[in-house]
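Listed here are the chains, written in short residue letters.
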Amino acid sequence: MFNAKISKNFTDAETRGPRRVIDELRSIQHEFGYLPADRLHDLAAKIQVPLSQIHAVASFYPHFHLTPPAQAEVRVCADMACHLRGGTDLKRGLEQAFSGGGPEKVALRNVSCLGRCDQAPALSINDRIYSSLDEHRATALVRDVLSGRPLPEEKQDQRRAPVLSDPYSGTPKYSLVRQFVEAPDWNTVITTLKAAGLRGMGGAGFPTGSKWEIVRNAPGKERYIVCNADESEPGTIKDRFIMENVPYLLIEGMIMAGLVTGARRGILYIRHEYERPREILQEEIDRCYREELLGARVLGTNLGFDLEIFVSPGGYICGEESALLEAIEGKRAEPRNKPPFPGTNGLWNQPTAINNVETFTFATVILARGAEWFKEQGTNGAFGMKFVGISGDVNRPGVYEVPMGTKYSDLIYDYAGGILDGRKLLAYAPSGPSSGYLPASMADLPLDWNAVAQAGSMVGSGAIVVCAEGRCMLDMALNAVRFYRNESCGKCVPCRVGSQKLVEMLSSWTEGRSSSTDLQLLDELTHALKMTSICGLGQVVPVPIASVLKHFREVVDEHLTHRRCTAGVCFPRGTA
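Report on the accompanying structure. Computed from a prediction, not measured in an experiment: that's the story for all the values here. (Residues numbered from 1 in each chain as written. Predicted model: local features only at pLDDT ≥ 70, side-chain atom pairs only at ≥ 80, totals over all residues. Heavy atoms only, no water.)

Overview of helix α6 (residues 87-97)
For clarity, the threshold we go by: For every residue, the accessible area (1.4 Å probe, protein chains only) is compared with the maximum for its type, and the residue is labelled buried under 20%, exposed over 50%, or partly exposed between those bounds. Helix and strand definitions here come from DSSP, where helices need a minimum of 4 consecutive H or I residues and strands a minimum of 2 consecutive E residues; each element is numbered from the N-terminal end. Along the arc lie the directions from the helix axis toward the C-beta atoms. Working rule for contacts: check all heavy atoms of both residues, and any pair within 4.5 Å makes them a contact.
Within the span of α6, buried status applies to G87, L90, K91, G93 and L94. Angularly, the buried residues of α6 cover 160° about the axis, an arc narrow enough to put them on a single face. In this structure, the buried side of α6 is in contact with β1 (72-77), α5 (80-84), β2 (106-111), β3 (122-125) and α7 (135-146).

Overview of the nonpolar core
Spelled out, the test is: We call a set of buried Ala, Val, Leu, Ile, Met, Phe, Trp, Tyr and Cys residues a nonpolar core when their side-chain atoms join them within 4.5 Å.
One finds W212, L250, I251, L268, I270, I390 and Y408 to be the most contacted residues of the largest nonpolar core, which totals 95 residues. When residues in this core are grouped by element, the largest group, 10 residues, is from helix α12 (residues 247-261). What I251 contacts, discounting residues up to four positions off in sequence, is Y174, L268, L281, E284, I285, C288 and L307. Counting residues in each nonpolar core, the second largest holds 74 residues, with I22, L43, V541 and C570 among its members.

A word on the side chain of D475
Convention followed: Neither His nor the chain ends is counted toward charge; the positive residues are Lys and Arg and the negative residues Asp and Glu. Salt bridge, as used here: a side-chain nitrogen of Lys or Arg that lies within 4 Å of a carboxyl oxygen of Asp or Glu.
Note on placement: D475 falls in helix α19 (residues 473-487). For the buried D475, no salt bridge exists, and the shortest N-O distance to an oppositely charged side chain is 6.1 Å, to R482.

Observations concerning the sheet that holds β1
Short version of the rule: Two strands pair if DSSP finds at least two bridges between them. Orientation is described by lines fitted to C-alpha atoms, with helices fitted over the stretch in contact, and by angles between N-to-C directions that extend from 0 to 180 degrees.
Strands sit in the order β2-β1-β3-β4 across an open sheet of 4 strands; the sheet is mixed. For this open sheet the edge positions go to β2 and β4 (128-131), each flanked by a neighbour on one side alone. Taken pair by pair, the neighbouring strands of this sheet meet at an average axis angle of 20°, ignoring direction. In the sheet, β1 pairs with β2 via 6 bridges, with the strands oriented parallel. Residue pairing across strands places V74 opposite L108, the latter belonging to β2. With respect to the sheet, α6 is in contact with β1, β2 and β3, its orientation differing from that of β1 by roughly 155°. Its contacts with the sheet place α7 against β1, β2, β3 and β4, and it is angled at close to 5° to β3.

Concerning the pairing of β3
Burial along β3 is two-sided: A122 and S124 facing one way and L123 and I125 facing the other are all buried. Judged from the 3 bridges that link them, β1 and β3 form a sheet pairing that is antiparallel. Within the sheet, the bridge partner assigned to V74 lies in β3 and is I125. Sheet topology note: the β3/β4 ladder contains 4 bridges and is antiparallel. Bridging from a neighbouring strand, S124 pairs with I129 of β4. Hairpin geometry of β3 and β4 is characterised by an intervening segment of 2 residues between the two adjacent antiparallel strands and by a positive phi of about 50° at N126.

What about the sheet that holds strand β6 (residues 265-270)?
In spatial order, the strands read β7-β6-β5-β8; together these 4 strands make up an open sheet with parallel pairing. Two strands close off the open sheet at either side, each with one partner strand: β7 (306-311) and β8 (352-356). The average undirected angle you get between the axes of adjacent strands in this sheet is 20°. Inspection of the sheet shows strand β5 (residues 224-229) paired to β6 by 6 bridges, in the parallel sense. Within β6, the position partnered with V226 by the bridge is I267.

Looking at empty space enclosed by the protein
For clarity, the cut-off: The distinction between a cavity and a pocket rests on a 1 Å grid over the protein atoms alone: a 1.4 Å probe fits inside a cavity but cannot get out, while a pocket stays open yet meets protein on both sides within 12 Å along at least five of seven lines, and a residue with an atom within 4 Å of a point counts as lining. Grid points are joined across faces, edges and corners, and a volume is the space filled by probe spheres set on the points. Amino acids are sorted into nonpolar (Ala, Val, Leu, Ile, Met, Phe, Trp, Tyr, Cys and Pro), charged (Asp, Glu, Lys and Arg) and polar (every other residue, Gly among them).
A full pass over the atoms with the stated rule returns 2 cavities of 30 Å³ or more. Looking at the largest cavity, its volume works out to about 60 Å³. The wall of the largest cavity is formed by I317, P335, S488, C489, G490, K491, C492, C495, I534, C535, L537 and G538. A class-by-class count of the residues in the lining of the largest cavity yields 8 nonpolar, 3 polar and 1 charged. Estimates place the volume of the second largest cavity at around 30 Å³. The wall of the second largest cavity is formed by S322, L325, R336, K338, P340, F341, P342 and N345. In terms of residue class, the lining of the second largest cavity is made up of 4 nonpolar, 2 polar and 2 charged.

Focus on the pairing of β6
The buried fraction of β6 is high, at 6 of 6 residues. In β6, alternate side chains face the same way, and those of R265, I267 and Y269 on one face and G266, L268 and I270 on the other are all buried. Relative to β7, β6 runs parallel, the two being bridged by 6 bridges. Bridging from a neighbouring strand, L268 pairs with I309 of β7.

Description of the packing of aromatic side chains
Filter applied, for reference: We call Phe, Tyr and Trp rings a pair once their centres come within 6.5 Å, taking the six-membered ring for Trp, and we label the pair stacked below 30 degrees between planes, edge-to-face above 60, and tilted otherwise. Note on criteria: charge over ring means Lys NZ or Arg CZ within 6 Å of the ring centre, with the direction from the centre no more than 35 degrees off the ring normal.
The final tally for this structure, using the stated rule, is 14 aromatic pairs. Between the aromatic rings of F362 and F387, the centroid separation amounts to 5.5 Å while the plane-to-plane angle is 35°, which identifies the pairing as tilted. On the criterion of sequence distance, the pair formed by F362 in helix α15 (residues 357-369) and F387 in strand β9 (residues 385-392) is long-range, its members being 25 residues apart. Taken as a pair, F362 and F387 share a single burial class, namely buried. Among the aromatic residues, ring-to-ring pairing joins F241, F362, F374 and F387 into one connected group. The lysine or arginine in question, R26, covers the ring of F310, its NZ or CZ lying 5.7 Å from the ring centre. The ring of W373 carries the charged tip of R369 above its face, separated from the ring centre by 4.6 Å.

So far we have only geometry, and geometry alone does not tell us how the molecule works.
Below you can see the structure in the form of structure tokens.
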């Protein structure tokens, strides 16, 4: 059962009541395979939480089942990299193979990104993820389940990859914590992070030193450190790589954030699909407790910091920082209105520093190596380093640690080995669907916050998804918008209704149906979504199609005017 280990130093108020709901629901589902109605009634009485509240939470998250699941629950990833690497054909083949089995036998559906973009296509069978599959292998796995045979473990490469910026290569780790407890100097730590120019690496880019300073100076009886390891936007795989290979850099970054801000409690929020990273991190946390690097008295001093892992019940919206806090508190992961911001009113309404995995990791690197060292790592006028994930139509998809300022063309051709099958580059997304698509003519842009922003896109989390010549960019825009539609939490009307309307509109374009008023309606929807959505998800829904209209207008015109898809992807028979 996930989250079975909770530090004894966490207060009763934090581990009972609403927060306890998710742990109890996990326990029930682990026992029965779903959440029987009578057990939910019993749970409501047991923890004295209204049944309506328990049902609201259970029905919100995709990894809870209110009815018995099929014998084989098969979910095929349909987003960006998997879409490019055969996910749609894989699902179609499985549908043909098991069309007569009945819904109680095989339930086959799409699923949002499984975090295996470098190993596409991916699917899950009864919550176990497999990647780099072909139709034959996937069919065999499903037949194993139907025959009562146990599913095999997914093969994992247990070797750890070297990380160039790791300051502890061959040396004892956690030197920063040891030095800080001997001579606490929070001001120097914050000054160093500011001097290095470290931004939040999850996409927002807020200065890390300033965030920690805000939390330290904010009034409140408690403070919290939260790591957002819920990377679930298509193409985003870098945090998984960091957690698997240098977990100690992440953990030390969180400990230092706690010691510097005065927070005594930390929560590492990790996505449900990251079972192996969770195990690696838990082993590292256990080691830190044994060595007194975590606990009520860190290294025998009066300084304390406790850390636990919280596994997400699922949903892309949990990557939004305030929705993530709601989930930790045992509620539906619906974004909060801002202001106030988490720095002053975060977890349990207390000051909270939320950063992602890469940010905490580079905080450790900077504090160990110095601000100047970090700044000197850049090229082409930029400074610092970045982990990027490259997926889609490339020969060597994966995660790469690169200097900021590196040209995207170098990332695609030198690091990722160029385009599959010797084709030409058509387009690339600098940061998954939220960045939109840029054309091949802009491939020499540097990996630089300002340069990419001036080009009308963003560096974001560094989730680079590559499209080769022969792809339909309208189809790719629809794929991205559909992802946001599927993952909208539904709290605000503009996002819930607007995303559905955009999917319907783009679908009609790919099917040869359009109206003369569509483009005007698209403009109106775009304005409404950007101005009135509560969180960033709703605000970026129109970005993919806006970028295609800007850079690939001829593709859209071919569909709307001539009912022709030159890539042979759209319309019932590929071309009209």
